[in-house]
Amino acid sequence: MWLKNCWYVVAWDHELLGDTLLARTILSEALVVYRRGDGQPVALEDRCPHRQAPLSMGRREGDAIRCMYHGLRFEPDGRCAEIPGQPQIPSKMCARSYPVVEQGRWVWVWMGDPARADVSAIPSAPPLKHPQWRYRPGYMRYEADYLLICDNLLDFSHLSYVHERTLGGSPNIAEVRPTVERIANGLAVTRHVDNTVPAPYHQRLGNFSGPVDRRFAYEFLLPGILLLHARVKPAGQAEDDTAGALQFESCQALTPETETTTHYFFMQAHAFRQDDATITESIYQSLCTAFEEDRRVIEAQQRVLASASPREMQVIVADQALIQFRRLVAQRVQAEQDAPA
């Protein structure tokens, strides 16, 4: 159920500093990711074609990687440039290279046909580098199928219960049906929760004295990218009145590592009290706490699904968005499989 011909987030920009050789598995394929001297990212198969030793255990030499098992040297395009003691280099002595692009603060890799890698298809995530927004970048690894995490993000009704003491605070969120629309390459989901109690997380940041109106509006794009705008403001306040409002932008990316493990890149940015670093840190810590709540449930769900007696999942109304997204993924995967070689 994996799409190959699309862009996946493989790293944050700060993970590729200096001579770092980052080993990261994507779609069960081991990669080594690093930067050339000019700062451009490189992604190669993380195995020397000679005896299959990981290139990530090697050494940077300029823009190349030296395998530290038998000394073969590989250029950024995967070509072997040197075999110690052997002037002739066989044409098959090369490591697969992958199209890779840095955009915003994410490094994206194309796992399919290199000829189809279209940089314009990378989802735009302006808050990642916009000076108006402050945030601390985050990463988690889940012991779960990435589609289970997609399900979680496509149905915010779970905020009422999984995050009762953090991001939720009220059953009202689960009681409101969202609007779900098909858009190019994914879904748009909006949910308005009016006259509700503020979440504990928002109460600490905004000091609300009464009920609030909450707005969630996000795009969820293939292969698993969430671009969210969230707002909390005093209940009944005019739509265009932002006095006392908390506004957030969130960018989250799910990248399958294997069939049962997932890389989760995330951030939650704020446009209020930008000069207060403690606010940025508080938001980050609150988000990590909430995502640990998600991970505990989803990893337990994965264990149940992997048990000897699995059961078919039953459907409720709140599943509308996740069912549509899973259908879209299946359609795109099938189209790739049916395409002529």
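Before going into details, it helps to say that this report is about the structure given with it.

Reading the values: rules and limits
- All chains use their own residue numbering, which begins from 1 and follows the written sequence.
- Local features in a predicted model are, by the rule used here, given only for residues with pLDDT of at least 70; side-chain atom pairs are given and counted only at 80 or more, and totals for whole chains, interfaces and linings are based on all residues.
- Based on all heavy atoms of the structure, the side-chain values leave hydrogens and waters out of the count.
- Here, strands pair whenever DSSP counts at least two bridges between them.
- Strands here mean DSSP runs of E at least two residues long; helices mean DSSP runs of H or I at least four residues long; both are numbered from the N terminus.
- Only the contacting stretch of a helix is used when fitting its axis, a line to C-alpha atoms as for every element, and angles between N-to-C directions run 0 to 180 degrees.
- Put simply, angles under 35 degrees are roughly parallel, angles over 145 are roughly antiparallel, angles from 65 to 115 are roughly perpendicular, and the rest are oblique.
- The hand of a helix crossing depends on one turn: near helix anticlockwise from the far one by less than a right angle means left-handed, and clockwise means right-handed.
- Contact definition: two residues touch when any of their heavy atoms are within 4.5 Å.
- Residue polarity follows a fixed list, in which Ala, Val, Leu, Ile, Met, Phe, Trp, Tyr, Cys and Pro are nonpolar, Asp, Glu, Lys and Arg are charged, and the others, Gly among them, are polar.
- Here the aromatic set is Phe, Tyr and Trp, taking the six-membered ring for Trp, and pairing holds for ring centres within 6.5 Å; pairs whose planes are under 30 degrees apart are stacked, those over 60 apart are edge-to-face, and all others are tilted.
- Two conditions define a charge sitting above a ring: the NZ of Lys or the CZ of Arg must be within 6 Å of the ring centre, and it must be within 35 degrees of the ring normal.
- One fewer than the residue count of a helix, multiplied by 1.5 Å, yields its expected span.
- For each residue, the accessible area found with a 1.4 Å probe, counting protein chains only, is set against the maximum for its type, and the residue is called buried under 20%, exposed over 50%, and partly exposed in between.

## Observations regarding the sheet that holds strand E11 (residues 106–110)
Here's step 1: Spatially, the three strands line up as an open sheet ordered E1-E11-E10, and their pairing is antiparallel. Among the strands making up the open sheet, the edge pair consists of strand E1 (7–12) and strand E10 (100–103). Strand-to-strand twist of the sheet, defined as the mean angle between neighbouring strand axes without regard to direction, takes the value 30°.
Here's step 2: Where E10 lies against E11, four bridges are found, and the strand directions are antiparallel. Note on E11: the bridge partner recorded for Glu 102 is Val 107.

## Points about the packing of helix H1 (residues 146–154) against helix H4 (residues 277–305)
Here's step 1: In contact at an axis separation of 10 Å, H1 and H4 are set at 130° when each is read in the N-to-C sense. Taken together, H1 and H4 sit at an angle that is classed as oblique. As for how H1 packs across H4, the hand of that crossing is right-handed. Judged by residue contacts, Leu 148, Ile 149 and Asn 152 of H1 engage Asp 294, Ile 298, Gln 301, Gln 302 and Leu 305 from H4.
Here's step 2: Tallied by class, residues from the contact of H1 with H4 come to four nonpolar, three polar and one charged.

## Looking at the packing of aromatic side chains
Here's step 1: Evaluated as defined, the whole model comprises 15 aromatic pairs.
Here's step 2: Grouping aromatic residues by their ring pairs yields a cluster made of Tyr 142, Tyr 264, Phe 266, Tyr 284 and Phe 291.
Here's step 3: The ring of Tyr 139 carries the charged tip of Arg 24 above its face, separated from the ring centre by 4.9 Å.

## As for helix H5 (residues 320–338)
Here's step 1: Taking 1.5 Å per residue as the helical rise, H5 with its 19 residues ought to reach 27 Å, and the 27 Å between its terminal C-alpha atoms agrees with that figure.
Here's step 2: Residues of H5 that are buried include every one of Ala 321, Leu 322, Gln 324, Phe 325, Leu 328, Val 329 and Val 333, and no others.
Here's step 3: Buried residues along H5 sit in contact with H1, strand E13 (179–183), strand E14 (186–196) and strand E15 (212–221).

## Some details on the sheet that holds strand E9 (residues 97–98)
Here's step 1: Read across the sheet, four strands follow the order E2-E3-E4-E9 without closing on themselves; strand pairing throughout is antiparallel. The sheet is open, and its two borders are formed by strand E2 (22–26) and E9, each paired with just one other strand.
Here's step 2: By the bridge criterion, five bridges tie strand E3 (residues 29–35) to strand E4 (residues 41–45) in an arrangement that is antiparallel. Counterpart to Val 32 in the pairing with E4 is Leu 44.

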